[in-house]
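Listed below, chain by chain, are the residues.
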Amino acid sequence: STWVERYWQQDVSLFQPIPGFDSNKKHLGFVWGPGDILVYETIYKASGGSAGGCPFVHEVRKDEDIYSPILRKLFNESHHIFVGLQRIRDDLPSKNKKPQFVSISKNYRSVIRACMEELQQPSLFTLKGVISMMSHLSLWCEQNFNIFCTLFFVCDPPAGSLVLHLLDWVRLHKADVDEKAREVLASESPAEHQAYWDVVISYVLQGRMDEARQVLVKRATLQPAARAMFKLLDNLLMKMPIFNPGETQTLTEFDVKWRHWREEVDRCLQDQSFASNPHLEDICKILVGDEDVLLEHKELLSTWYHFLVTRLLFSHPTVKPTELHYYAQSSMHMFLDTRCVPEPLDSILLAAFEFDIHQVIKDCSIALNNWWFVGHLTDLLDHCKLLQSHNLHFGSNLREFLLLEYASGLFTHHSLWQLAVDYFDHCPEFGRVYLELQIERVPLDTERKALKVIRICEQRQMTEQVRSICKIMAKKALRNNRLGSALSWSIRAKDAAFATLISERFLQDYCAKGTFSDLDLIDNLGPAMLLSDRLTFLGKYREFHRLYGEKRFSDAAKLLLSLMTAKIAPRSFWMTLLTDALPLLEQKEVIFSADQTHELMFCLEELTSGKSVPNPDRPMQVLGYPLSNVCFPFNLLIHCFIICSNLYSCLARG
């Protein structure tokens, strides 16, 4: 089912009304986004025709849970467990993989338990309100479903230990008993506390006999006359058999021992051993599984499935997994009022008791407001080969569909998007396509984030995405006048046109300021300067400056002349190059040969013949020193004279 269907099937109180919108008069339009939709009021009336539009656009998020700090911890921790699960080799025998699957399911439960404990802290219900009641409800459901479903579908417990697992599940869900017990025991007179008997009975309902006995001692010390009665009940609680799969005791032996204990408790009731104390008598009736007494303590049980587990503990401790759904249905009908409408949680648990995996996943997809639970549970079940035959009509299997939905939601978050990459990686059919589409939508707020995205793309040979990201960063750097960063990004993107544009900006800055910015980058271009002619010229022209600074005049002169004769230098920059030749011509020793001087004069003649006239408004530079535009004609004649005299000198020397 789609997430839109899920929202429509939830309680109406969860809906957020759109201000100023009347659904009886106007229509809404929407546009899908990567993690949300944009809703806007259209000009069309419900009865036909058109009306004035509304200028407001409303954003509807589909995965609001990812913005909860506590749930983000759940997403981060479960991501590591998910990745570990994918590393389990498929070619291993099933008997070797099953313990690993059980360990994975326990790890998921541990993470959820930690988040539940943090979510239940009182401080979260003050200033922050209810944080997000949907987040709380969602995590609470996942706590139950994950333990319950993995218990049946992954652990596959034997009949005798099934009730023990159910008790562990209930104890985790009803953790408020311990808090109430601490409050009672911390009081001045615990046995006189108004919640004393609630604590004792709650411990018994959860099968925690040792804790119940410890609290009962407080009362026994205050009533010496009833000490024998307390001692008798303490003995019954102590002797209650508990099946332990790790021991050598067989299930049949346990069943015989449990029946003997049950008969002993029945005799105590028939003998009215606790008739003088209603509380002790109620506890004794609970031990024999008296359903009427159990239902009298609905407030302590709180839910029908807690009632189910307690009922099984004291009436059917060796229940088999295949029998669970019969007891579950009867327990729900007994516990719930006939006027009560079953909640989504009830139908999901019933489906789980019937081992209807696909119904559990379907109902969870409708009831929960995020894809975390169904995605991870389905992935675990798929590795257990329990969803192998269930494929969707459009090609992707159920596991991949749910993981893609979950990962797509993570990609809308500013930090969780990195987790989504691993989920896409393990969706063999459509994962790469989704990743290619989503990765380009990641906001590139900083260069550090852009480098992270690029590294992810490079690891997966996504060359087009790398080029696209580099171009975006290059344009952003150029807008901020960060030429070095822009050139670096354009080189990484192998964008010749943009590299040419930035090289031209470098040259313009040189003409205006007389110095190069980002010298380290230009000095270390290496083979990257071959990306475009203009970039090549920039790198070689910088090399000319470096040679001149090192007083390697002959090499500098040769390089300068080659830049002009090889047509690498733009014609608009020739005058700057000719003026750069001036200090070399003025040296005492002859730097330029006769042929080289002839080439310089030819370039000067070509430049002044009108074929390529330099921009008169651009300031001239001689090796970084500005040359006044006012003196341009006079200086040009001096250049010509020096060049000619040097040429004749060379010719005279033979």
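Scoring rules and cut-offs
Residues numbered from 1 in each chain as written. Predicted model: local features only at pLDDT ≥ 70, side-chain atom pairs only at ≥ 80, totals over all residues. Heavy atoms only, no water. UniProt positions renumbered as here; feature names shortened; annotations may be inferred. Helix = DSSP H or I, 4+ residues; strand = E, 2+ residues; numbered from the N terminus. Buried < 20%, exposed > 50% of the residue type's maximum accessible area, 1.4 Å probe, protein only. Contact = heavy atoms within 4.5 Å. Phe/Tyr/Trp six-rings, centres within 6.5 Å; stacked < 30°, edge-to-face > 60°. Axes fitted to C-alpha atoms, helices over the stretch in contact; angles between N-to-C directions. Parallel < 35°, antiparallel > 145°, perpendicular 65-115°, else oblique. Left-handed = near helix turned anticlockwise from the far one by under 90°. Nonpolar A, V, L, I, M, F, W, Y, C, P; charged D, E, K, R; others polar. Core = buried A, V, L, I, M, F, W, Y, C linked by side-chain atoms within 4.5 Å. Patch = residues over 30% accessible without salt bridge, like charges linked within 9 Å, V, L, I, M, F, W, Y side chains within 5 Å. Areas by Shrake-Rupley, 256 points an atom, 1.4 Å probe, with all protein chains shown as cover. Salt bridge = Lys/Arg side-chain N within 4 Å of Asp/Glu carboxyl O. 1 Å grid on protein atoms, 1.4 Å probe; cavity = no way out; pocket = protein on both sides within 12 Å on 5 of 7 lines; lining within 4 Å. Points joined across faces, edges and corners; volume = space filled by probe spheres on them. Lys, Arg positive; Asp, Glu negative; His and termini not counted. Charge placed at Lys NZ, Arg CZ, Asp CG, Glu CD. Disulfide = S-S within 2.5 Å.

- An unreviewed UniProt entry annotates the protein chain as Nuclear pore complex protein Nup85 of Salmo trutta.
- Under the heading Function (unreviewed entry), UniProt records this for the protein chain: "Functions as a component of the nuclear pore complex (NPC)."

1. Here we look at the overall build of the protein chain
Now for step 1: When you go through the protein chain residue by residue, the secondary structure sums to 31 helices and 5 strands.
Now for step 2: In the protein chain, buried positions account for 47% of the 654 residues.
Now for step 3: Considering only contacts within the protein chain whose residues lie at least 6 apart along the sequence, 62% involve residues at least 24 apart.

2. Regarding the side chain of threonine 310
Now for step 1: For threonine 310, the location among the structural elements is in helix H14 (residues 304-315).
Now for step 2: By relative accessible area, threonine 310 is classed as buried at 0%.
Now for step 3: Apart from the residues lying within four places of it in its own chain, the contact partners of threonine 310 are Leu205, Leu294 and Leu301.

3. Examining the packing of aromatic side chains
Now for step 1: If you walk through the whole model with that rule in mind, you get 14 aromatic pairs.
Now for step 2: By way of ring pairs, the aromatic residues Phe75, Phe82, Tyr406 and Tyr423 are connected into one cluster.

4. Looking at the packing of helix H7 (residues 196-205) against helix H8 (residues 209-220)
Now for step 1: Taken N-terminus to C-terminus, the directions of H7 and H8 make an angle of 155°; their axes are 8 Å apart at the nearest point. By the angle between their directions, the pair H7 and H8 is classed as roughly antiparallel. As for the relative orientation of H7 and H8, their crossing is left-handed in sense. The segment H7 lies against H8, with Tyr196, Trp197, Val199, Val200, Tyr203 and Val204 engaging Met209, Glu211, Ala212, Val215, Leu216, Lys218 and Arg219.
Now for step 2: When its residues are assigned to classes, the contact of H7 with H8 shows 10 nonpolar, no polar and 3 charged.

5. Considering the nonpolar core
Now for step 1: The biggest cluster of nonpolar side chains holds 112 residues, and the ones touching the most others in it are Phe411, Ile439, Tyr541 and Leu577.
Now for step 2: Setting aside anything within four residues of it in sequence, one finds tyrosine 541 in contact with Tyr510, Phe516, Leu563, Phe573, Thr576, Leu577 and Asp580.
Now for step 3: Listed in part, the 65 residues of the second largest apolar core include Trp169, Leu280, Leu324 and Met332.

6. Concerning a nonpolar patch on the surface
Now for step 1: Side chains of Val31, Leu38, Tyr40 and Val57 sit close together on the surface and give an oily, nonpolar patch of about 330 Å² of accessible area.
Now for step 2: As for its position among the elements, valine 31 is in strand S1 (residues 26-32).

7. A look at empty space enclosed by the protein
Now for step 1: Under the counting rule described, the total for this entry stands at 3 cavities of 30 Å³ or more.
Now for step 2: The calculated volume of the largest cavity comes to roughly 70 Å³.
Now for step 3: Lining the largest cavity are Gly160, Val163, Leu164, Leu167, Met240, Pro241, Ile242, Phe243, Phe254, Trp258, Leu313 and Pro317.
Now for step 4: Of all elements in the fold, only helix H5 (159-173) and helix H10 (251-270) reach the threshold of two or more residues within the lining of the largest cavity.
Now for step 5: The biggest single contributor to the lining of the largest cavity is H5, with 4 residues.
Now for step 6: Among the residues making up the lining of the largest cavity, the classes are represented as 11 nonpolar, 1 polar and no charged.

8. As for a positive patch on the surface
Now for step 1: On the surface, Arg467, Lys471, Lys475, Arg479 and Lys494 cluster together into a patch of positive charge.
Now for step 2: For arginine 479, the location among the structural elements is in helix H23 (residues 463-479).

9. Some points on the pattern of salt bridges
Now for step 1: In the structure shown here, the tally under the stated rule is 20 salt bridges.
Now for step 2: A salt bridge links arginine 208 to glutamate 211, with the shortest nitrogen-to-oxygen separation between them at 3.5 Å.
Now for step 3: Among the ionic contacts, a cluster of salt bridges with common partners joins Lys540, Glu543, Arg546, Glu550, Arg552 and Asp555.

10. Examining the state of the cysteines
Now for step 1: What the rule picks out here adds up to 0 disulfides.
Now for step 2: Lacking any disulfide linkage, cysteine 470 is separated from the closest cysteine sulfur, that of cysteine 457, by 9.3 Å.
Now for step 3: Classification of cysteine 470 by relative accessible area gives buried; the value is 0%.

11. Quick look at the packing of helix H25 (residues 496-513) against helix H27 (residues 533-549)
Now for step 1: Their axes nearest at 8 Å, the elements H25 and H27 cross at an angle of 35°. Taken together, the residues of H27 that come into contact with H25 (itself represented by Ala499, Thr500, Ser503, Glu504, Phe506, Leu507 and Tyr510) are Arg534, Leu535, Phe537, Leu538, Tyr541 and His545.

12. Quick notes on the environment of phenylalanine 424
Now for step 1: Locating phenylalanine 424 in the fold gives a position in helix H20 (residues 417-425).
Now for step 2: Along the sequence, phenylalanine 424 and leucine 403 sit 21 residues apart, while their C-alpha atoms lie 7.7 Å from each other.
Now for step 3: Once you skip the residues sitting within four places of it in the chain, phenylalanine 424 turns out to touch Leu404, Ala407, Ser408, Phe411, Gly431, Arg432, Tyr434, Leu435 and Gln438.

13. Considerations on unusual backbone geometry
Now for step 1: At glutamine 272, a residue that is not glycine, the phi angle is positive and equals roughly 55°.
Now for step 2: Considering the arrangement of structural elements, one finds glutamine 272 in the loop between H10 and helix H11 (278-287).
Now for step 3: For glutamine 272, a relative accessible area of 56% puts it in the exposed group.
Now for step 4: Look at lysine 551: it is not a glycine, yet its phi comes out positive at around 60°.
Now for step 5: Looking at the secondary structure, you find lysine 551 in the loop between H27 and helix H28 (553-565).

14. Topic: the environment of glycine 160
Now for step 1: Structurally, the position occupied by glycine 160 is in helix H5.
Now for step 2: By relative accessible area, which is 5% here, glycine 160 ends up buried.
Now for step 3: For the pair formed by glycine 160 and proline 321, sequence separation is 161 residues and the distance between their alpha carbons is 9.9 Å.
Now for step 4: Ignoring sequence-local partners within four residues, the contact set of glycine 160 consists of Phe243, Leu251 and Pro317.

15. Points about H7
Now for step 1: Among the 10 residues in H7, 9 count as buried, and that is most of the element.
Now for step 2: Along H7, the residues classified as buried are Tyr196, Trp197, Val199, Val200, Ile201, Ser202, Tyr203, Val204 and Leu205.
Now for step 3: At the exit of H7 stands glycine 207, carrying a positive phi of roughly 75°.

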